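Chain by chain, the residues:
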Amino acid sequence: MPTKVLYRTSATATGGGRDGHTGTDDGTLAFDLTVPKELGGPGGDGANPEKLFATGYAACFMGALRFYAGSKKVKVPDDAQVQVSVGIGPREDTGFGLDVSIRVSLPGVERDVAEDLIAGAHLVCPYSHATRGSLNITPELA
């Protein structure tokens, strides 16, 4: 938990949940949601919670990567990329669970330095903190 909250935002979902609407309460983001065909829905171009989680985690991890690299006085290349893949499926016990993977591309950065940056980012990223202990995520070099 943070020792001091520096920023807070909120979002509201309406409708059927995965086939409803969601957006930030300040109006800066809004999405119609569509259930993927793989989960019994119509599919299509709509957003879904897994897409939203993947985009948020990717952006957060990139920020954490740059923060950690700065603390080590290492420059992250402008063409660096973080790809987060989010899958969903039934759990053995009950309900559904997520499967998350992170792949990081750091062109021109030596392998040992890149692996240190990725591990360090995973230690400081708030999304990584939130999922630690509930998801098995090992970020890897692309």
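Look up: the structure comes first, before these words.
These remarks concern the structure in this document. (Residues numbered from 1 in each chain as written. Predicted model: local features only at pLDDT ≥ 70, side-chain atom pairs only at ≥ 80, totals over all residues. Heavy atoms only, no water.)

In space, the 3 strands of this open sheet follow the order E1-E2-E3, with antiparallel pairing throughout. At either end of the open sheet lies a strand with only one pairing partner, and these are strand E1 (11–14) and strand E3 (30–32). With direction set aside, neighbouring strand axes in the sheet form an average angle of 10°. Across 3 bridges, the pairing between strand E2 (residues 21–24) and E3 is antiparallel. (Pairing = 2+ DSSP bridges. Helix = DSSP H or I, 4+ residues; strand = E, 2+ residues; numbered from the N terminus. Axes fitted to C-alpha atoms, helices over the stretch in contact; angles between N-to-C directions.)

The pairing of E1 with E2 spans 4 bridges and is classified as antiparallel. Looking at E2, one finds that Ala 11 is bridged to Thr 24. Here E1 hands over to E2 after 6 residues, with Gly 15 in that stretch at a positive phi of 80°.

With mixed pairing, the 3 strands of this open sheet are ordered in space as E4-E5-E6. Sheet topology places strand E4 (81–90) and strand E6 (140–141) at the edges, where each strand pairs with a single neighbour. When E4 meets strand E5 (residues 96–105), the two strands line up antiparallel, connected through 10 bridges. Following the sheet pairing, Pro 90 is matched in E5 by Phe 96. Across the face of the sheet, helix H1 (residues 49–71) comes into contact with E4 and E5 while running at roughly 145° to E4. (Contact = heavy atoms within 4.5 Å.)

The subject of this paragraph is helix H2 (residues 111–124). Over its 14 residues, H2 extends 20 Å from the first C-alpha to the last, a length consistent with the 20 Å expected when each residue adds 1.5 Å. For H2, the set of buried residues is Ala 114, Leu 117, Ile 118, Gly 120, Ala 121 and His 122. (Expected span 1.5 Å × (residues − 1). Buried < 20%, exposed > 50% of the residue type's maximum accessible area, 1.4 Å probe, protein only.)

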